Amino acid sequence: NAGVTQTPKFQVLKTGQSMTLQCAQDMNHNSMYWYRQDPGMGLRLIYYSASEGTTDKGEVPNGYNVSRLNKREFSLRLESAAPSQTSVYFCASTPLPYNEQFFGPGTRLTVL
Amino acid sequence: AQTVTQSQPEMSVQEAETVTLSCTYDTSESDYYLFWYKQPPSRQMILVIRQEAYKQQNATENRFSVNFQKAAKSFSLKISDSQLGDAAMYFCAYRIALRDMRFGAGTRLTVKP
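Procedures and definitions
- Residues numbered from 1 in each chain as written.
- Chains lettered and ligands numbered in written order.
- Predicted model: local features only at pLDDT ≥ 70, side-chain atom pairs only at ≥ 80, totals over all residues.
- Heavy atoms only, no water.
- Contact = heavy atoms within 4.5 Å.
- Buried area = accessible area lost by both parts, 1.4 Å probe.
- Salt bridge = Lys/Arg side-chain N within 4 Å of Asp/Glu carboxyl O.
- Nonpolar A, V, L, I, M, F, W, Y, C, P; charged D, E, K, R; others polar.
- Core = buried A, V, L, I, M, F, W, Y, C linked by side-chain atoms within 4.5 Å.
- Buried < 20%, exposed > 50% of the residue type's maximum accessible area, 1.4 Å probe, protein only.
- Helix = DSSP H or I, 4+ residues; strand = E, 2+ residues; numbered from the N terminus.

Trainee: Requested: an account of the interface of chain A and chain B, with residues and values cited.
Mentor: Contacts between the two partners involve 25 residues from chain A and, on the opposite side, 21 residues from chain B. Across the chain A/chain B interface, buried area totals approximately 1,800 Å², and carbon plus sulfur atoms make up 52% of it. A per-residue breakdown of the area chain A buries against chain B is headed by N99, E100 and F103 of chain A, which together make up 32% of the total. At the boundary of chain A with chain B, the tally comes to one salt bridge. Residue E100 of chain A is joined to R50 of chain B by a salt bridge in which the shortest nitrogen-to-oxygen separation is 2.8 Å. Among the residues forming the side of chain A that touches chain B, the class breakdown is 12 nonpolar, nine polar and four charged.

So this is what it looks like as structure tokens:
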């Protein structure tokens, strides 16, 4: 049981490049989330998926898109990376009916 | 809007002593959940303790306990018998049932040997 996994762990992009962050969970959780963590700001929600086939915007969705490929996988795409998207990105999942979230190890993204 | 405030950016404690981390939140909801997460240098987010708002009894997990004051919208974390491994960033978080979670900005805890 690997829990929540994320790939890659580190990534450096140039401004304007695109990339997809991958997230998968093997705990049969219904809901999945993408957060970004910036110094002094805690974690902020980018997008979430309450269940397979649904996605909704969070607090800071601009510049991102997501895909809930199936119950296990939830990907985050940056179409045209900007330096303001330099951050650490976390994927998380939640089992029903509990409310705590289980987090992946994070991806450190630098946009030059 | 839901907000979570951690007023102490940094705290320090001597090994084996007790420290309390503060958290306040703002909500008009009556049914919600509160959490404390620990983030060590490895970056992994680890759940420390959770509290359901409908429960009056304060949650306890080994050396970790909370002081939940619903009317004051306060949710502090007490760490007893502090250990070197407790050094980390601690995040307070708030969640309305089945919705997204909102986090505070975090408190960096240093444990001195």
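Trainee: An account of the nonpolar core is requested, with residue identities and associated values reported.
Mentor: Note that soluble globular proteins tend to have their nonpolar side chains buried in a common cluster. Formed by 26 residues in total, the largest nonpolar core has its most connected members in Y25, W36, F75, L77 and Y90 of chain B. Among the elements that line this core, the one with the most residues is strand β10 (residues 88-96) of chain B, at five residues. Every residue in contact with Y90 of chain B, bar those within four places of it in the chain, is listed here: Q6, L21, W36, Y37, K38, V48, F64, L77, I79, G106, T107 and L109 of chain B. Counting 20 residues, the second-largest nonpolar core is a separate cluster that includes V4, M19, I46 and F74 of chain A.

Trainee: Tell me about the pattern of salt bridges, residues and numbers included.
Mentor: Per the stated rule, a full pass over the model turns up eight salt bridges over all chains. Across the pair R44 of chain A and D38 of chain A runs a salt bridge whose closest N-O atoms are separated by 2.8 Å. Taking relative accessible area as the criterion, R44 of chain A reaches 17% and is therefore assigned buried. Within the structure, one salt-bridge network assembled from shared partners comprises E100 of chain A together with R50, E52 and K55 of chain B.

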